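The chain contents come next:
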Amino acid sequence: MKAKATLLVLCLLGFTSQAAAQRMTFDLSTPQPVYNDQKGYGYDIVAPPAGESQPFFFSVKVPDGNYRVSVTLGSKKQDAVTTVRAEARRLMVENCATRKREQKTFTFVVNKRSPQIEGTNCVMLKEREIGTLNWDDRLTLEFNGEHPTVSRLTIEPDTLATTIFLCGNSTVVDGAQEPWSSWGQMIPRWFGPEVAISNHAESGLTAGTFLTGKRLDKILRMMRPGDYVFCEFGHNDQKEKFAGAGAWFNFQHNLKIFIDQVRAKGGNILFLTPTQRRFFDDSKTKILETHGEYPDAMRDVARREQVPVIELHDMTRTLFETLGYEDSKRTLVHYPAHTFPHQDKALADNTHFNPFGAYEIAKMVVMGMKELQLPILKFLRPEWKDYTPAQPDDFNAFRWYPAPMQDTTKPDGN
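Residues numbered from 1 in each chain as written. Predicted model: local features only at pLDDT ≥ 70, side-chain atom pairs only at ≥ 80, totals over all residues. Heavy atoms only, no water.

S.K.: Hey, could you run me through the overall build of the protein in this one?
M.R.: The number of helices and strands found in the protein is seven helices and 18 strands. In terms of principal-axis extent, the alpha carbons of the protein reach across some 60 × 50 × 45 Å. Within the protein, the proportion of its 414 residues that are buried is 58%. For the protein, the share of sequence-separated contacts (at least 6 apart) that also reach a separation of at least 24 residues comes to 76%. Split by element, the accessible area of the protein, about 17,600 Å² in all, is 51% carbon and sulfur. Seen as two clouds, the 50 positive and the 50 negative side-chain charges of the protein have centres 4 Å apart. (Helix = DSSP H or I, 4+ residues; strand = E, 2+ residues; numbered from the N terminus. Buried < 20%, exposed > 50% of the residue type's maximum accessible area, 1.4 Å probe, protein only. Contact = heavy atoms within 4.5 Å. Areas by Shrake-Rupley, 256 points an atom, 1.4 Å probe, with all protein chains shown as cover. Lys, Arg positive; Asp, Glu negative; His and termini not counted. Charge placed at Lys NZ, Arg CZ, Asp CG, Glu CD.)

Next comes the structure, spelled out in structure tokens:
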């Protein structure tokens, strides 16, 4: 009841000022205030940086929308490696190395949103989502890495970027806490400032609960003609137990709702078959199917309605089998006890990905887009290199600087 009351208050307040946001520039080489609602900008989440050695956050209060962000990285004092993430750990700039007195500037687009759809109509957030960086009244940037440094920050509204809206469950969501991660929060890394990613997925959702929770309503309110809506469902849908539930009736019916409503608003819809669970056969060499008829049901709707499909189901099977029984654990939340604070027991989750696994799957999504020859791929960053799950990246070479927010509680769904 308390969570519902809190969400209602947030909706009634509208979360953000109705005044149009303007271009804002901050000189972060000089002292900045701690964030408060009255000032509307400043250091946030953790203590302000006392030097150039620890991660820090900077927030700016803005209305819902897309924002073009430019960051100038580098230190006059020392070599540095800086990673930039937005909102709930969305990867925007990956491990930028700068030498002493060297500076590099990066530009990207961040989608900021609140639960409000219109008036008092709001997305029905789960209790765990209330107050997270994905659904608040500000745009937040995280600067992490080895001696993370940023000297200049510019934020301005963007009305030109094409937005890719993401719909799905815990395998897509912007995971708010380490060590959980999903491809939806890694894929922004590969697109230039002409593309925004708006991830509305949440752990435990089905296609049906995504709809009844008004998440598609929020997307349709924000979407413009020519934008994209990507849908990955199946993990939780297969566990529904009510009259009409099942792959060939309720699931297909809900997918058709997505298709019809997105197309009615001039959007482009695309399906992704669900990622595999790490469930090997007795020989420990082949992945067993655990999603029943749901991938085929999604493919069937897509074929009838001419919806493009990215085969994450097949690509993640290849990834797991290529890495093998033991090394495939490196893509998921498998960690011995005491890896993280207050973690007394080992973590052995065969569904939910860690940052490395999420990073690999994001690359699969991009490759799926390339197979479909989507026009938006002309905005891939120049450092992109084609990928195959049969030759995955070396997990030993992957560098991820953990965010300060950590929680080993398993997400909803499986």
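S.K.: Quick question: what am I supposed to make of the side chain of E87 here?
M.R.: You can see E87 is positioned in the loop between β5 (80-86) and β6 (90-98). Lacking a salt bridge, the buried E87 has R90 as its closest oppositely charged neighbour, with an N-O distance of 4.3 Å. Ignoring sequence-local partners within four residues, the contact set of E87 consists of V110, N111, K112, L133, N134, D136, R138, L139 and T140. (Salt bridge = Lys/Arg side-chain N within 4 Å of Asp/Glu carboxyl O.)

S.K.: Can you help me understand the sheet that holds strand β16 (residues 309-310) in this one?
M.R.: Strand pairing in a sheet takes place through backbone hydrogen bonds and is either antiparallel or parallel in direction. Judged by pairing direction, the sheet is parallel, and its five strands sit side by side in the order β13-β12-β14-β15-β16 without closing on themselves. Each edge of the open sheet is held by one strand with a lone partner, namely β13 (195-199) and β16. (Pairing = 2+ DSSP bridges.)

S.K.: How should the pattern of salt bridges be read in this particular structure?
M.R.: Side chains that differ in charge, positive against negative, can pair when their charged atoms come close. Tallied over the entire structure, the rule returns 29 salt bridges. With its nearest N and O atoms 3.0 Å apart, the salt bridge here joins R23 to E156. Of the two residues, R23 is situated in the loop between α1 (2-13) and β1 (24-27) and E156 in strand β11 (residues 150-157); the sequence distance between them amounts to 133 residues. R23 sits in the exposed class, given a relative accessible area of 53%. Residue classification places E156 among the partly exposed positions, given a relative accessible area of 24%. Notably, a salt bridge pairs E289 with R317, separated by 2.7 Å at the nearest N-O pair. One end of the pair, E289, is in the loop between β15 (268-272) and α5 (294-305); the other, R317, is in helix α6 (residues 312-327), and 28 residues separate them in sequence. Within this structure, E289, D296, R299, E311, D314 and R317 form a network of salt bridges that share partners.

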